[in-house]
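Observations on the three-dimensional arrangement
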Amino acid sequence: MPCPEFFYFIRPTLEAIASKAGIHWSAAGDIAAEKLGLTQADREELVKSGTKTKFQDRVHWAHTYLRQAVLIETVGRGCNSITQRGVDFLKRSPKVIKPGDLMEFPEFVIFSVGSGRPRKRKPMTPPDQAPSFESTPLEAMTQANESIRTELAESLLDRLKQVSPARFERIIVELMLRLGYGGPREDAGEALGRSGDGGVDGIIRQDRLGLDNIYLQAKRWSDNVIGTSEINGFIGALTTRGANKGVLITTSAFSDHAKKVALSAPHLKLSLIDGRELARLMIDHDLGVALEARFDVKRIDSDYFADD
């Protein structure tokens, strides 16, 4: 049989993950393929762009939807386990789980409307799923792109939380250089490492004499919110160095009070970048991501057909 639409993979993928804790996504996909009766030829059918197989695409989106609904959780690189919510849902879920069946979960609702801002429209769809007739093709493409960016951002954060602290510091320095800080010098940016950094993890040199530096602190945290103590500690480290510019970047988030403290330091220009903004900046500046497909949307050039 041809590779079915992606939502047919949701339940068999969830069943596969339920059968073994910490199962790799590819192994779960193999089990789902067996449950769906797919042949090797079915699994080798390509999507229209030709960049991957339909089977890989379907398995990827099934995992994404299950993760966004918190029915599964990442427990290692490429590995997932079912959550208690997933166990409970599997007992009462229909034989074919569709995206609409996941709308009972608030986390999935936020994901489906994009960027965490509720909007009055239908949930977004993967790029290889047929668009709704309620949307124009351009609207459907825009919604699909937002959905892809949301999933990519979360995958980026998951990967960042798994790298070593030293590697994370180097990534942060490279991001600042990609943003245009530091200029073309080879030594414009430097990660200082974990030991003896005095509360500073990196430096961006804005001029050759080192008179105008930006000091960086990188917090590779999973769930803990950055509070006032961390902000005050960074302010202290900057003050000790006689610095007036600093950027604190984290994979988690900042408390409201921490944001107020950062704004209240009169002698400092202190910027805070949380996990959501970090992922967006990395995507926008092609750091840690690779182009998979590009679609150009064109229109009639009326000027071309105008009389001379």
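Residues numbered from 1 in each chain as written. Predicted model: local features only at pLDDT ≥ 70, side-chain atom pairs only at ≥ 80, totals over all residues. Heavy atoms only, no water.

**Quick notes on the overall build of the protein**
A tally of regular secondary structure across the protein gives 11 helices and 10 strands. Within the span of the protein, comprising 308 residues, buried residues form 41% of the whole. A separation of at least 24 residues holds for 61% of the contacts in the protein among residues at least 6 apart in sequence. Looking at the protein as shown, the accessible area adds up to about 17,300 Å², and 51% of this sits on carbon and sulfur atoms. (Helix = DSSP H or I, 4+ residues; strand = E, 2+ residues; numbered from the N terminus. Buried < 20%, exposed > 50% of the residue type's maximum accessible area, 1.4 Å probe, protein only. Contact = heavy atoms within 4.5 Å. Areas by Shrake-Rupley, 256 points an atom, 1.4 Å probe, with all protein chains shown as cover.)

**Regarding the confidence of the model for the protein**
A low pLDDT score tells you not to read the predicted coordinates there in detail. Scored by pLDDT, the protein has a mean of 84; 85% of the residues are at 70 or more. Taken together, the stretch residues 115–134 has pLDDT below 50 and engages in 38 contacts with residues farther than four places along the chain or on a different chain. (pLDDT = per-residue confidence, 0-100.)

**What to know about the packing of aromatic side chains**
The geometry of an aromatic ring pair is captured by two quantities: the separation of the ring centres and the angle between the planes. Counted by the stated rule, this structure contains 10 aromatic pairs. With a centroid separation of 6.2 Å and an interplanar angle of 80°, the aromatic rings of F6 and F7 are classed as edge-to-face. One exposure class covers both F6 and F7, and it is buried. What links up through ring pairs into an aromatic cluster is the set F6, F7, Y8, W61, Y65, F108 and F111. The ring centre of F55 lies 4.4 Å from the NZ or CZ of R43, which sits over that ring. (Phe/Tyr/Trp six-rings, centres within 6.5 Å; stacked < 30°, edge-to-face > 60°. Lys NZ or Arg CZ within 6 Å of the ring centre and 35° of its normal.)

**A few points about the sheet that holds strand β4 (residues 189–191)**
Spatial strand order, β4-β5-β6-β8-β10: five strands in an open sheet with mixed pairing. Each edge of the open sheet is held by one strand with a lone partner, namely β4 and β10 (269–273). Along the sheet, successive strands turn relative to each other by an average axial angle of 15°, direction set aside. (Pairing = 2+ DSSP bridges. Axes fitted to C-alpha atoms, helices over the stretch in contact; angles between N-to-C directions.)

**With respect to the nonpolar core**
Residues F9, L14, L71 and L102 are the most contacted members of the largest nonpolar core, which totals 31 residues. Elements with a minimum of two residues in this core: α1 (10–19), α2 (25–36), α4 (54–68), α5 (84–92) and α6 (106–113). With six residues, α4 is the largest single contributor of residues to this core. Those residues within four positions of L71 in sequence are excluded, and the remaining contacts are L14, L66, I82, T83, R85, G86, F89, L102 and F105. In this structure, V163, M176, I214 and I283 belong to the second largest nonpolar core, which totals 24 residues. (Core = buried A, V, L, I, M, F, W, Y, C linked by side-chain atoms within 4.5 Å.)

**Some points on the pattern of salt bridges**
Scanning all chains against the criterion turns up 14 salt bridges. Where R85 meets E107, a salt bridge forms, and the shortest distance between an N and an O atom there is 3.0 Å. Taken together, the residues R85 in helix α5 and E107 in helix α6 connect sequence positions 22 residues apart. R85 gets classed as partly exposed once you look at its relative accessible area, which sits at 28%. On the accessibility criterion, E107 (33% relative accessible area) is partly exposed. Taken together, the salt bridges that share partners define one network made up of R149, E277, R280 and D284. (Salt bridge = Lys/Arg side-chain N within 4 Å of Asp/Glu carboxyl O.)

**Re a nonpolar patch on the surface**
Among the surface-exposed residues, M141, F295 and V297 lie close enough to one another that they form a single nonpolar patch of about 320 Å² accessible area. As for its placement among the helices and strands, M141 is situated in helix α7 (residues 137–160). M141 sits in the partly exposed class, given a relative accessible area of 39%. (Patch = residues over 30% accessible without salt bridge, like charges linked within 9 Å, V, L, I, M, F, W, Y side chains within 5 Å.)

**A look at the sheet that holds strand β1 (residues 23–24)**
Sheet strands associate in pairs through backbone hydrogen bonding, adopting either a parallel or an antiparallel arrangement. Reading across from one edge, β1-β3-β2 is the order of the three strands in this open sheet, with antiparallel pairing throughout. Either end of the sheet is taken by a strand with one partner, and the two such strands are β1 and β2 (72–76). Of the pairings in the sheet, the one linking β1 to strand β3 (residues 79–82) comprises two bridges and is antiparallel in character. Looking at the pairing, H24 lines up with C79 of β3. Docked against the sheet, α4 engages β2 and β3, running at close to 105° with respect to β2.

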